[in-house]
Amino acid sequence: MSTATAAPVDQAVPAPAGDGGRPRRFTVRAGLRYTLLIIFAIIVLMPLYVLLVTSLKPASAISADQAWRLPVEISTAGWAEAWGRLSPSLYRSLILAVCAAVLSSILGSLNGFVFARWKFPGSNVVFTLFLFGMFIPYQAVMIPLQGMLLDAQAFLPWLDGIPRLILVHTVYGIPICTLIFRNYYATAVPVEILEAAKVDGAGMLRTYASIIFPVSIPGFVVTLIWQFTSAWNDFLFALFLTNAQNGPVTYVLNELAGGQNPNYASIMAGVLVASLPTLIVYVVLGRWFISGLMSGSVK
Amino acid sequence: MRKIRTWLPGLLLVLPSIILIGVFVYGLIGQTINTSLLRTQDFVTDKITNPGGIANYTALLGSDRYQHALWNLLVLTVVFIVGTMIFGLLWAILLERGVFAEGIFRSIYLFPMAVSFIAAGVVWRWLLSPARDDQAVGLNQLFVQLGVPGLQSDWWSANSRMSMAAMAIPAIWQLSGYVMALFLAGFRGISADQREAARVDGATEFQLYRHVLFPQLSPVALSALIIVGHMSMKMFDLIYAIAGPNSYQAEVPATLMWIQLFPQGDPVAAATNAVIILVIVAILVVPYLVHTHRTEQRDG
């Protein structure tokens, strides 16, 4: 990464590390650093560029050799077609992602509280068994899951399409939400406060409601972002458990893009339409997401 | 020994989740294992399609098709892990001491993670098209137009045992930012005093990273390895979107399971395959979970 000759430059100006407070003097090393950062940024953004320029070209102008060029004339026909095809399923995906995120976050918060601060005998083993649920390949449950949900539908006729996916994503979201909240409470809630509450005669639910829940917002932000994104982006459960009429946007996008559809403008616009909600979530809330990674996964 | 009245409410509060996880994770896995051991016979021809018991596993594991799928999975996983680790660590090193517009670079590197595999697969299917020269589209066309036609490739369609390495490219694109964020969080967790101390002792930048910073990142690297590794082993969406559901060339156990279940209508073989995928993931994850569990017990 660096060379021995460059080291004295830093030693002459000892900067506090990690706080962004380095003096912004131009050095060869800084130049190299920014060059690399910009090259990598261009490479990472390249697929997005392809999506944008293709989606804005009129269908007739997408001759193969023009694909990497900027559009000569802008057409929104691709976006219009994609929106027309995808909007009903976008709405369904929104319901799915919001409900699944809220439900599994609430369960995760309650569980995390118990596993961090209100342990019962064997709770560590139960927690480890929960965690394994986070890593299982869903292929290993898919076949009997289909059967079980079909059986359940016999007496719960509404348990189809989106409600069915809400149930599944809520359940399989419990492990990661529990992990994030447990790690968060273990660092954010001092034992002494809980002891004091106990002395004052507060029971478990009272303690949760008046001490734990009010400080839980950072944890909720992280689990809500995480669960919203994974429910929105899921395709495997959608493919096995729903159809094009009642499934989420990933299912319908795959139908739009698959087969022999030659209309690249609408396909690429469809990809953008289907990805915008999660992209917006990341751009707006990305800062909290990174701090969430620190509290959740880096352990 | 604490009194029951103290801990019982805690157990009751978690009980709904215990039941849900018990049924949806462990109960269903049990059923899948059960299914995978069944003996089946073709109604019309009386031909035995699945011999039943452990023989189902030996038959599947011994088949050329499954070994091809396992090999593909190995190539995909190794390239995927190595690629995300290299880019994730490199980007984290470039960013960790704070640069101008850090937030923008971080968002750019992280954004592919917000995109679904199925959406990313649509654009990567086009980018990784094997057509060449005059017919070229995607990356091959870009290489021709940039004047480096020699870089053209058949990508995942190549008739090579290593072709799945190309399938790892979009996966690396999607997950490197996540690994970067993990490493970045790890770097920021190391106190500034330690860097200062190393500098006072006359350590070069290289020595600082090599002997002070990297060793403290090994727990992060392990987490990243487990997360990326298990994602690779159950990867389905991306391959389904890029290669289509029926590609033998890009077949891995997870996509083969779909073929066994639907086009072939053989749930027993699909269940056998699913259990093998589960075992492969468990071999990776269970030691990690036990290790984490033990460490936490020891640290209180």
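Residues numbered from 1 in each chain as written. Chains lettered and ligands numbered in written order. Predicted model: local features only at pLDDT ≥ 70, side-chain atom pairs only at ≥ 80, totals over all residues. Heavy atoms only, no water.

J.: Help me understand the overall build of chain B, please; the structure alone is not making it clear to me.
T.: The number of helices and strands found in chain B is 13 helices and two strands. With respect to the principal axes defined by its C-alpha atoms, chain B has extents near 80 × 80 × 30 Å. Per-residue burial for chain B yields a buried fraction of 54% across its 300 residues. Restricting the contact set of chain B to residue pairs at least 6 apart, pairs at least 24 apart contribute 68%. (Helix = DSSP H or I, 4+ residues; strand = E, 2+ residues; numbered from the N terminus. Buried < 20%, exposed > 50% of the residue type's maximum accessible area, 1.4 Å probe, protein only. Contact = heavy atoms within 4.5 Å.)

J.: I keep staring at the nonpolar core and nothing clicks. Help me out?
T.: For soluble globular proteins, nonpolar side chains are generally found buried alongside one another. Among the nonpolar cores identified, the biggest contains 183 residues, and Leu 145 and Tyr 172 of chain A together with Tyr 109 and Leu 139 of chain B are the most heavily contacted of them. Per element, the largest residue contribution to this core is 16 residues, and it comes from helix H7 (residues 164–188) of chain B. Aside from chain neighbours lying at most four places away, what touches Tyr 109 of chain B is Leu 36, Leu 37, Phe 40, Ala 41 and Val 44 of chain A together with Trp 91, Leu 95, Gly 177 and Met 180 of chain B. (Core = buried A, V, L, I, M, F, W, Y, C linked by side-chain atoms within 4.5 Å.)

J.: Before we go on, may I ask you to explain the interface of chain B and chain A in this structure?
T.: The parts lose accessible area when they come together, and the size of an interface is often stated as this lost area. On the chain A side, the residues contacting the 99 residues of chain B number 102 residues. Here chain B meets chain A over a buried area of about 9200 Å², counting both sides, of which 75% is carbon and sulfur. By the criterion of area lost to chain A, the three top residues of chain B are Leu 13, Phe 24 and Arg 97 of chain B, representing 8% of everything that side buries. Counting across the chain B and chain A interface gives one salt bridge. In this structure, Arg 29 of chain A engages Glu 205 of chain B in a salt bridge whose closest nitrogen and oxygen atoms are separated by 3.7 Å. (Buried area = accessible area lost by both parts, 1.4 Å probe. Salt bridge = Lys/Arg side-chain N within 4 Å of Asp/Glu carboxyl O.)

J.: When you look at a nonpolar patch on the surface in this model, what are you seeing that I'm missing?
T.: On the surface, a nonpolar cluster with roughly 500 Å² of combined accessible area is contributed by Ile 4, Leu 8, Leu 12, Leu 15, Ile 19 and Val 23 of chain B. Secondary-structure assignment places Leu 8 of chain B in helix H1 (residues 4–36). (Patch = residues over 30% accessible without salt bridge, like charges linked within 9 Å, V, L, I, M, F, W, Y side chains within 5 Å. Areas by Shrake-Rupley, 256 points an atom, 1.4 Å probe, with all protein chains shown as cover.)

J.: Explain the packing of aromatic side chains to me, please; I cannot follow it from the model alone.
T.: Note on aromatic pairs: each is described by the distance of the centres and the angle between the planes. Applying the stated criterion to the full structure yields 33 aromatic pairs over all chains. Aromatic side chains Tyr 208 of chain A and Phe 213 of chain A sit 6.1 Å apart centroid to centroid with 45 degrees between the ring planes, which places their arrangement in the tilted category. Owing to a relative accessible area of 11%, Tyr 208 of chain A belongs among the buried residues under this scheme. Grouping aromatic residues by their ring pairs yields a cluster made of Phe 113, Trp 118, Phe 181, Tyr 184, Tyr 185, Tyr 208, Phe 213 and Phe 220 of chain A. When the ring centre of Trp 71 of chain B is taken as reference, the NZ or CZ atom of Arg 161 of chain B above it lies at 4.4 Å. Across from the ring centre of Tyr 138 of chain A, 4.9 Å away, lies the NZ or CZ of Lys 234 of chain B, which sits over that ring. (Phe/Tyr/Trp six-rings, centres within 6.5 Å; stacked < 30°, edge-to-face > 60°. Lys NZ or Arg CZ within 6 Å of the ring centre and 35° of its normal.)

J.: For this particular structure, what's the right way to read the pattern of salt bridges?
T.: Once the charged atoms of two side chains with opposite charge are near each other, the side chains can pair. A complete count under the given rule lists nine salt bridges over all chains for this structure. Where Glu 205 of chain B meets Arg 199 of chain B, a salt bridge forms, and the shortest distance between an N and an O atom there is 3.4 Å. Overall, the relative accessible area of 5% leaves Glu 205 of chain B in the buried class. For Arg 199 of chain B, a relative accessible area of 12% puts it in the buried group. Residues joined in a network through salt bridges with shared partners are Arg 29 of chain A together with Arg 97, Arg 199 and Glu 205 of chain B.

J.: Where do I start with the packing of H7 of chain B against helix H10 (residues 218–233) of chain B in this structure?
T.: In helix packing, the relevant descriptors are the interaxial angle and the interaxial distance, both defined with respect to the helix axes. Residue and element names in this part refer to chain B. At a minimum axis separation of 9 Å, H7 and H10 run at an interaxial angle of 160 degrees. Considering their axes alone, H7 and H10 lie roughly antiparallel with respect to each other. Considering the relative orientation of H7 and H10, their crossing is right-handed. Here Leu 175, Tyr 178, Val 179, Leu 182, Phe 183 and Gly 186 of H7 lie close against H10, whose contacting residues are Val 220, Ala 221, Ala 224, Ile 227, Val 228 and Met 231. Of the residues contributing to the contact of H7 with H10, the split by class is 11 nonpolar, one polar and no charged. (Axes fitted to C-alpha atoms, helices over the stretch in contact; angles between N-to-C directions. Parallel < 35°, antiparallel > 145°, perpendicular 65-115°, else oblique. Left-handed = near helix turned anticlockwise from the far one by under 90°. Nonpolar A, V, L, I, M, F, W, Y, C, P; charged D, E, K, R; others polar.)

J.: Mind showing me how you'd approach helix H2 (residues 28–55) of chain A here?
T.: Along an α-helix, a turn takes 3.6 residues, which lines up residues three or four apart on a common side. Between its first and last C-alpha atoms H2 of chain A spans 40 Å; for 28 residues at 1.5 Å apiece the expected length is 40 Å, and the two agree. Where H2 of chain A bends most, at Met 46 of chain A, the angle is about 45 degrees, and the proline Pro 47 of chain A comes one to four residues later. (Expected span 1.5 Å × (residues − 1). Bend = angle between axes of the 7 residues up to and from the residue.)

J.: Would you take a moment to explain the side chain of Thr 272 of chain B for this structure?
T.: Residues and elements named next belong to chain B. Note on placement: Thr 272 falls in helix H13 (residues 267–298). Polar side-chain contacts of Thr 272 include one of 2.8 Å to the backbone oxygen of Val 268. Contacts of Thr 272, omitting those with residues within four sequence positions, involve Ser 36, Asn 56, Tyr 57 and Leu 60. (Polar contact = N/O pair within 3.5 Å; in protein donor to acceptor, adjacent residues only side chain to side chain.)

J.: Please clarify how the domain arrangement of chain B should be interpreted in this entry.
T.: Residue and element names in this part refer to chain B. Assigned domains within chain B: domain 1 (33–62 + 266–300) and domain 2 (68–250). Spacing between the C-alpha centres of domain 1 and domain 2 amounts to 30 Å. Between domain 1 and domain 2, the contact holds eight residues from the first and seven residues from the second. Summed over both partners, the interface of domain 1 with domain 2 comes to about 720 Å²; 89% of that surface belongs to carbon and sulfur atoms. The largest per-residue losses of area from domain 1 upon contact with domain 2 belong to Ile 280, Leu 284 and Tyr 288, which jointly make up 63% of the total buried on that side. (Domains from an automatic or database assignment.)

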